[in-house]
Structure formats: C-alpha cells, structure tokens
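These are the residues of each chain, in order.
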Amino acid sequence: MAPWGYEKDNGPAHWHKDCPIANGKNQSPIDLINGEVKYDSGLKPLTAKYVPFSDAKFLNNGHSVQFQPSAGNGSELTGGPLAVKYNFEQFHFHWGNNDTEGSEHRVDGKMYPAELHFVHWNSTNPSFKDAVGSGGPNGLAVLGFFLKVGAENAALKPITDLIPKVKDAGTSVTVPSNFDMQAILPATLTDYYTYDGSLTTPPLAECVKWIVFKQPLEVSAAQMEAFRSVINRDGKPMGGNYRPPCPLHDRAVKTSFK
Ligand SMILES: CCc1cc2c(cc1OS(N)(=O)=O)CC[C@@H]1[C@@H]2CC[C@]2(C)[C@@H](O)CC[C@@H]12
Ligand SMILES: [Zn+2]
C-alpha cells in the first residue's frame, strides 16, 4: 500500500492492511458521549511541570506539525489517572480545512476545528520508543486539547508564527529558547475525560492513557488559517489529518468532573 496518509487511496479505511490492530478493541480516537461516561471522584487534577527547552525544533513530518525537543530536560506530567511520572516527549496538532472538522476526539458527535496532543512517556521505561512498545495502556500519556476559533492564543503564537517556515514536508526550524510551553496549558488541569486507547496514526499501538480536556483552548482565525497553509508529502493541504472515531467496545470513559 502507498505510505499511509489521509487521502482516499491511503487513508484510515486502508490502515488495517499494514496495521491489523486498526480493528483492535482499544483504538483511538473515540466519540466522548457524555451520557455514557462515568464520573470518578478518585481522579485528581494533573500536574504538568514544563521547563523551557534550550534546543527544540518545530517540524513538518508529512502528517502533522510537531514541537520536538532534542532531549528530555525534566519536563514531566504526574497526577490524574497516572500512577507514575511521565516525561514530556513532543506536542503536535490535527486540524481540518474548515471550522466544522479537524479534531480527532469528538464530544457527543461534535468535532472541533483542531486538536493539540501533548505526548508523555512512562518514566519507568528507558526511552520513549520502549514506552510505546511496553505493552498495555500505560506506556504513553497524551493530553488532548480541543482548539476552537476565538481570541488569539498568545502562548501558541510563537509556534503558529513558525508555521510558514515549515510549510513543506520534511522541513524544520529551531524554536527560540524563550518559548514558554507551560503557558499553553490552562492554570489548572482539572476537568477531563480519560480512557485507555492507542496512537491515532499507524502503527496504532494500544499504549496510550488518553486524557482529553473538556474546556477547549482558543486560537484566532488567523492562527487556524496558518495550519491550513501547511502541505503534506503529496503537496496537498495537510488539513484533514484526523482519524475518525473508533468503536469503544467494552472500555469505560471516566471523567474527573460531574
Ligand atoms: C503519541 C504520539 C505519536 C507517536 C507516534 C505516532 C503518532 C503519534 O501521534 S498520536 N496522534 O498521539 O497517536 C506515529 C509514529 C510513531 C510514534 C511513536 C513511536 C514510533 C512507533 C516509532 O517507534 C516508529 C513510528 C513512531
Ligand atoms: Zn496526535
């Protein structure tokens, strides 16, 4: 099969041919149906401690645009549904070609124009790749934030301002060392959905504790348009780089809020 993508001839409906786990029982994303989730009073807020990176790239990998430090620097995630400390690895985005589509997770069938994933790996593993392959849903912890169009997002501006420099697949740019990643996050990481799932692109490994925040972040229309100028390896707009929802099977979605 042609390398995987999001087009008609290589999109999500084809992925099972190279990745049979695509039809597994713990796949992501899912539709978060409020009538079916279960409040869990044991779910505490999460704590993300992000230290500014001295050497990080912002890159276009053909499927997304991604913030990627060259090495760990002690940035970590703890709390919530997590039993141990998780190290920050990268963040990246999924978006649509118009405001009615773009997010991977949905809420009662509603899609947001984009979704931001902060990726962390279980620190009991020697490396990120080991964590991906560690088996079971505790290898990675991914924070998902919906993006909606509204006020300009000043914390994300240093990143969205770099997008024109990574318009073409395979390009990258150095991120200024004064970029404050912590500022992207809401002050308190309280109201979220959490469930056991997978990577949302091949190899679709079922290694992710998903933590999706109820409250969307806002970005301006201009910031949304910046994403829509990015192109993929086929020279087409990258917008639409989201997988449709997968069956829940017998998983429970828990919430930290009533
Ligand atoms: C969770 C973020 C993440 C990590 C990876 C992918 C996709 C990912 O985004 S997502 N949307 O969170 O699932 C696809 C490529 C994967 C990578 C995890 C590590 C690898 C599996 C490598 O070992 C080889 C291919 C890599
Ligand atoms: Zn993602």
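Residues numbered from 1 in each chain as written. Chains lettered and ligands numbered in written order. Predicted model: local features only at pLDDT ≥ 70, side-chain atom pairs only at ≥ 80, totals over all residues. Heavy atoms only, no water.

Undergrad: So what's going on with the coordination of the zinc ion (ligand 2)? Which residues, and what values?
TA: At this site the zinc ion (ligand 2) is bound by H92 (NE2), H94 (NE2) and H117 (ND1), with donor distances of 2.0 Å. Angles of 101 to 119° at the metal separate the 4 donor atoms of the zinc ion (ligand 2), which places the site in the tetrahedral class. Read in sequence order, the donor residues coordinating the zinc ion (ligand 2) give the pattern H-x1-H-x22-H. Of this pair, H92 sits in strand β7 (residues 86-95) while H117 sits in strand β9 (residues 114-122), placing them 25 residues apart in sequence. Take H117: its relative accessible area is 1%, and that puts it in the buried class. (Donors = N, O, S within 2.8 Å, 3.2 Å for Na, K, Ca; no water. Tetrahedral: all angles 85-135°; square planar, octahedral: opposite > 155°, others 65-115°. Helix = DSSP H or I, 4+ residues; strand = E, 2+ residues; numbered from the N terminus. Buried < 20%, exposed > 50% of the residue type's maximum accessible area, 1.4 Å probe, protein only.)

Undergrad: Run through the site of ligand 1, naming residues and quoting values.
TA: Taken together, 16 residues surround ligand 1, and among them H92, H94, L199, T200 and T201 come closest. Between a nitrogen atom of ligand 1 and a side-chain N or O atom of H92, the distance comes to 3.3 Å. If ligand 1 stood free it would expose 540 Å²; the protein chains cover 74% of that surface. When each cavity is represented as a set of grid points, ligand 1 is found to reside in the largest pocket. Among the secondary structure elements, those contributing two or more residues to the shell around ligand 1 are β7, β9 and α1 (128-132). Among the residues forming the shell around ligand 1, the class breakdown is 8 nonpolar, 6 polar and 2 charged. (Near = heavy atom within 4 Å. Polar contact = N/O pair within 3.5 Å; in protein donor to acceptor, adjacent residues only side chain to side chain. Areas by Shrake-Rupley, 256 points an atom, 1.4 Å probe, with all protein chains shown as cover. 1 Å grid on protein atoms, 1.4 Å probe; cavity = no way out; pocket = protein on both sides within 12 Å on 5 of 7 lines; lining within 4 Å. Sits in = over half its atoms within 2 Å of the grid points. Nonpolar A, V, L, I, M, F, W, Y, C, P; charged D, E, K, R; others polar.)

Undergrad: Let's hear about the pairing of β9: which residues, and what values?
TA: Buried residues dominate β9, accounting for 9 of its 9 residues. In this structure, β9 lies alongside strand β10 (residues 140-149), joined through 8 bridges in antiparallel fashion. Bridge assignment links E115 to a residue of β10, and that residue is F146. (Pairing = 2+ DSSP bridges.)

Undergrad: I'd like to hear about the pattern of salt bridges, residue by residue, with values.
TA: Inspection of every chain in the model, using the stated rule, returns 7 salt bridges. Across the pair E7 and K236 runs a salt bridge, and its minimum N-O distance is 3.9 Å. Here K236 lies in the loop between α3 (221-228) and β15 (254-255) and E7 lies in the segment before β1 (31-32), a separation of 229 residues in the sequence. You can call K236 partly exposed: its relative accessible area is 41%. One salt bridge connects R228 with D99, and the closest N-O pair in it is separated by 2.6 Å. Here D99 lies in the loop between β7 and β8 (106-107) and R228 lies in helix α3, a separation of 129 residues in the sequence. Judged by relative accessible area, R228 falls into the buried class, the value being 14%. Here the residues in one salt-bridge network are D99, E225 and R228, joined through shared partners. (Salt bridge = Lys/Arg side-chain N within 4 Å of Asp/Glu carboxyl O.)

Undergrad: An account of empty space enclosed by the protein is needed here, citing residue identities and associated values.
TA: Summed over all chains, the structure comprises 1 cavity of 30 Å³ or more. Estimates place the volume of the largest cavity at around 40 Å³. If you go around the largest cavity, the residues you meet are P52, F53, A56, F67, V175, P176 and F179. Split into classes, the residues belonging to the lining of the largest cavity amount to 7 nonpolar, no polar and no charged. (Points joined across faces, edges and corners; volume = space filled by probe spheres on them.)

Undergrad: Which residues make up the side chain of R106, and what are the values?
TA: Note on placement: R106 falls in strand β8. Despite its burial, R106 pairs with no opposite charge, the nearest such side chain being D31 at 6.6 Å. Setting aside residues up to four positions removed in sequence, R106 forms contacts with I30, D31, L32, M111, F146, Y242, P244 and P245. (Lys, Arg positive; Asp, Glu negative; His and termini not counted. Contact = heavy atoms within 4.5 Å.)

Undergrad: Tell me about the packing of aromatic side chains, and please be specific about residues and values.
TA: Taken as a whole, this structure holds 21 aromatic pairs when the rule is applied. K110 extends its terminal NZ or CZ atom over the ring of Y112, reaching a point 4.7 Å from the ring centre. (Phe/Tyr/Trp six-rings, centres within 6.5 Å; stacked < 30°, edge-to-face > 60°. Lys NZ or Arg CZ within 6 Å of the ring centre and 35° of its normal.)

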